[in-house]
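# Coordinates in review
Each chain, letter by letter, is given below.
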Amino acid sequence: MKQLQCNTILVIVSAILLGTPVTAQVKNAFQYEIQKSVQATKGAVVSAHPLASHAGISVLKKGGNAMDAAIATQLALAVVYPGAGNIGGGGFLVAQMNGGKRIALDYREKAPSKASRDMYLDSTGKPRFELSQSGHLASGVPGTVAGLFAAHAYAKLPFKDLIQPAIELAEKGFVITQHEADGLNSTKTAFLKNNTRPTAFVKEKPWKAGDTLVQSELAGTLKRIRDNGVRGFYEGETAKLIVEEMQRGGGLITREDLRQYKAVAREPMAFPYKDFTIISMPLPSSGGIIIQQMLKMVQKRDLSSLGFQTPASVQLIVEAERRAYADRAEFMGDPDFVKVPVKTIVSDSYIQQRMADYRQDTAGSSAVTKAGVVPHESEQTTHLSVADRWGNVVSVTTTLNGGYGSRTVVGGAGFLMNNEMDDFSVKPGVPNMYGAIGNEANAIAPGKRMLSSMTPTIVLKEGKPFFVVGTPGGTTIPTSVFQALVNVIDFNMGTEKAINSAKFHHQWLPDEIMVEPDFPETVREALRKMGYKITVRGFIGRTEAILLKPDRKGGFTLDAVGDKRGDDHAEGY
Ligand code: DON
């Protein structure tokens, strides 16, 4: 599998009524510290960047609800975390509002109307990944701004108040972290190759921690959105600049593609696991289906009795992952374009049959385990989660796909476009940048949404919000969410341990268990003896989570934690 480039971020915002103040770790855009965890009672936001978490908190303090905070945090991320935070990408939002209304918003990018099935194949049928992964042709029609306005229907404050922190961060600038400096420096060559107009992300000398990044053109775009609403992006000056940029670099997105883009409200995927209800994203994300399949596959065998990261529990999780990812490759795609047998592949009988050949202590084989047999059936980086004092919880994952997306900045508009087209199956059976294999169900078609792995998730206990979780990481996203869920539910861990413990990942193909460097050597050895191939890789995901614990006064204590793996920051009050 190629090197993963995380460009998806997670933000979690949570707020509830009673509680003690927590010292702010952010003074201003030039003075801030990363805070990994916070215990709060009125509200908490966890995201990939301190200034973005802070923007969410400031909105909660002004009387906004979780949805307001989620919107403000996403917009701030589009400025302070340009590698993944975005307005030129897309995402998914899962929420439960006070009163029980459940929401799944799909603002995934769409293939442009001029896109075609074999558009990334050369004359010999060989995939040209340089085109699906970088530059103008790699971009789908962006969905984020439409999604933010669709989400605003559930918010309390005017949109102009939610976008103001982002405008100020873009206009006045902010100091960058070492991680950001490293990201910008390593992308300089690609920025220079893909852009004919000067961009804020390139300067002569290398970036270093403490430098100030000012994005005046982006501030202009954000002001057009503030003043003209959703049309400030999809029509008028911004649309004109996007189309001109596409024309300069051979991209396909037209004014009509932009004008027609709509966010879609989907039916959230909701299912029981033990005493909990899991709510997650349905298609066009594979995430909700995959975690449902995997949790059902392990449920009967009781993970907790096997023990945390024992060879037996790791093996069971791996074999569940193998089977679910095989189904992803075969069946899943945009439900508006292809029939996906969702009901069947999450049904108890199908799950039972999928695990029938599971043999404890013996490695399975992806050459033998293909996708399941499905009879004819009649009949989705950055993550953000929010909960507020009124019991609203919001979980959002949004992405440009690869780090800094297509590395193409819209000239005059100052924002990066996505390279989400690579999430389609460029050629059936040929892996994409995350090693994911797809089939006809995920082939490119005009107006179609590319299959995603993003898994914004909420867990309820007795109907009340209990856990808000999500992560970037391409195909490793459902695995990270699955492992965070079983760590909390089956292994009874607190938030920090649940998300910072070593992770491992299997995705059917390649047939190997990928492990983080701190995954225990003794367990690796035991798994090798069972017949598994073990590959050590870099960090898996950056999970942001909030655990809500009921207090004696009818409120909650919020245990909010930002992943140890990046600049992630938990803020609360
Ligand atoms: O939608 C997806 O599944 C991918 N485009 C997500 C990419 C991602 O998480 C990158 N971060 N590591």
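A few points on the structure.

Calculation notes
Residues numbered from 1 in each chain as written. Predicted model: local features only at pLDDT ≥ 70, side-chain atom pairs only at ≥ 80, totals over all residues. Heavy atoms only, no water. Helix = DSSP H or I, 4+ residues; strand = E, 2+ residues; numbered from the N terminus. Rg over C-alpha atoms; globule rule 2.2 N^0.38 Å. Buried < 20%, exposed > 50% of the residue type's maximum accessible area, 1.4 Å probe, protein only. Areas by Shrake-Rupley, 256 points an atom, 1.4 Å probe, with all protein chains shown as cover. Lys, Arg positive; Asp, Glu negative; His and termini not counted. Charge placed at Lys NZ, Arg CZ, Asp CG, Glu CD. Pairing = 2+ DSSP bridges. Axes fitted to C-alpha atoms, helices over the stretch in contact; angles between N-to-C directions. Contact = heavy atoms within 4.5 Å. Polar contact = N/O pair within 3.5 Å; in protein donor to acceptor, adjacent residues only side chain to side chain. Core = buried A, V, L, I, M, F, W, Y, C linked by side-chain atoms within 4.5 Å. Expected span 1.5 Å × (residues − 1). Parallel < 35°, antiparallel > 145°, perpendicular 65-115°, else oblique. Left-handed = near helix turned anticlockwise from the far one by under 90°. Nonpolar A, V, L, I, M, F, W, Y, C, P; charged D, E, K, R; others polar. Salt bridge = Lys/Arg side-chain N within 4 Å of Asp/Glu carboxyl O.

This part takes up the overall build of the protein. A tally of regular secondary structure across the protein gives 18 helices and 22 strands. Taking 2.2 N^0.38 as the reference for a compact globule, 573 residues should give roughly 25 Å; the C-alpha atoms of the protein span a radius of gyration of 22 Å, in line with that estimate. Seen along its three principal axes, the alpha-carbon backbone of the protein occupies a region of about 65 × 60 × 50 Å. Expressed as a percentage of the 573 residues in the protein, the buried residues total 64%. Working note: accessible area of the protein is about 19900 Å², and carbon and sulfur atoms make up 52% of it. One finds the centroid of the 65 positive side-chain charges in the protein at a distance of 2 Å from the centroid of its 57 negative side-chain charges.

So, about the sheet that holds strand β17 (residues 504-505). Across the sheet, 3 strands lie side by side as β17-β18-β19; this open sheet has mixed pairing. The open sheet is flanked by β17 and β19 (534-536), the only strands paired with a single partner. Examined bridge by bridge, β17 and strand β18 (residues 513-515) share 2 bridges and lie antiparallel to one another. Bridging across to β18, His505 finds its partner in Met514.

So, about the sheet that holds strand β12 (residues 276-280). Read from one edge to the other, the open sheet built from 7 strands follows the order β4-β21-β20-β16-β15-β12-β11, with strand pairing classed as antiparallel. For this open sheet the edge positions go to β4 (37-40) and β11 (269-273), each flanked by a neighbour on one side alone. Shown here is a sheet whose adjacent strand axes are inclined to one another by a mean of 20°, direction ignored. Strand direction decides the pairing type here: strand β16 (residues 464-470) and strand β20 (residues 544-550), joined by 4 bridges, are antiparallel. Across the sheet, Gly470 pairs through a bridge with Glu544, a residue of β20. The strands touched by helix α11 (residues 287-299) within the sheet are β11, β12 and β15 (457-461), with β11 carrying the most contacts at an inclination of about 15°. Across the sheet, helix α16 (residues 476-489) touches β11, β12, β15, β16 and β20, and the angle it forms with β16 is around 140°.

Summarising the element assignment, Arg524 is placed in helix α18 (residues 521-530). Judged by relative accessible area, Arg524 falls into the buried class, the value being 10%. In this structure the side chain of Arg524 is engaged in a polar contact, spanning 2.9 Å, whose partner is the backbone oxygen of Pro517. Apart from the residues lying within four places of it in its own chain, the contact partners of Arg524 are Val515, Glu516, Pro517, Phe519, Ile534 and Val536.

Attention now goes to the nonpolar core. Membership of the largest hydrophobic core comes to 85 residues, with the highest contact counts inside it found for Ile278, Met332, Phe467, Leu485 and Leu527. Among the nonpolar cores identified, the runner-up in size contains 82 residues, and Met67, Leu77, Tyr81 and Ala219 belong to it.

Turning next to the environment of Lys156. As for its position among the elements, Lys156 is in the loop between α4 (144-152) and α5 (159-172). Lys156 sits 89 residues away from Met67 along the chain, and the two C-alpha atoms are 8.0 Å apart. With near-sequence residues (within four places) excluded, Lys156 lies in contact with Gly63, Asn65, Asp68 and Trp390.

Next up on the list: helix α13 (residues 311-331). Three or four residues apart is the spacing at which side chains of an α-helix point the same way, because the helix has 3.6 residues per turn. With 21 residues, α13 ought to run about 30 Å at 1.5 Å a step, and its terminal C-alpha atoms sit 30 Å apart, in line with that. Of all 21 residues making up α13, 19 are buried, and the element is well covered by its neighbours.

With that out of the way, let us pick up the packing of α11 against α16. Across the interface, α11 lies against α16 with an axial gap of 9 Å and an inter-helix angle of 45°. Here α16 runs oblique to α11, going by the angle between their axes. Crossing angle aside, the handedness with which α11 passes α16 is right-handed. Mapping the contact onto sequence places Gly287, Ile290, Ile291, Met294, Leu295 and Val298 in α11 and Pro478, Thr479, Val481, Phe482, Leu485 and Val486 in α16. Taken together, the residues of the contact of α11 with α16 break down into 10 nonpolar, 2 polar and no charged.

The subject of this paragraph is the environment of Lys208. Position of Lys208 relative to the elements: it lies in the loop between α6 (178-194) and β9 (212-213). Residue classification places Lys208 among the exposed residues on the basis of a relative accessible area of 52%. Aside from chain neighbours lying at most four places away, what touches Lys208 is Ile176 and Ala181.

The subject of this paragraph is helix α1 (residues 50-61). Look at α1: 16 Å from first C-alpha to last across 12 residues, which is about the 16 Å you get at 1.5 Å a residue. Counting buried positions along α1 gives 9 out of 12 residues, so the element sits mostly inside the fold. Buried within α1 we find Pro50, Leu51, Ala52, Ser53, Ala55, Gly56, Ile57, Val59 and Leu60. Of the residues one or two after α1, Gly63 is the one with positive phi, at around 100°.

This part takes up the pairing of β20. Moving residue by residue along a regular strand, the side chains alternate between the two faces of the sheet. Counting buried residues in β20 gives 5 out of 7 residues, a clear majority hidden from the surface. In this sheet, strand β21 (residues 556-561) lies alongside β20 in antiparallel orientation, the contact comprising 6 bridges. Across the sheet, Lys549 pairs through a bridge with Thr557, a residue of β21. Hairpin remark: β20 followed by β21, antiparallel, with 5 residues in the connecting loop; positive phi at Gly554, about 85°.

Moving on, we come to the pattern of salt bridges. Applying the stated criterion across every chain yields a total of 36 salt bridges. Across the salt bridge formed by Arg231 and Glu235, the nearest N and O atoms sit 3.7 Å from each other. The closest approach of N and O atoms between Asp336 and Arg266, which form a salt bridge, is 3.1 Å. Of the two residues, Asp336 sits in the loop between α13 and α14 (342-345) while Arg266 sits in strand β10 (residues 264-266), which places them 70 residues apart along the sequence. Since its relative accessible area comes to 14%, Arg266 is described here as buried.

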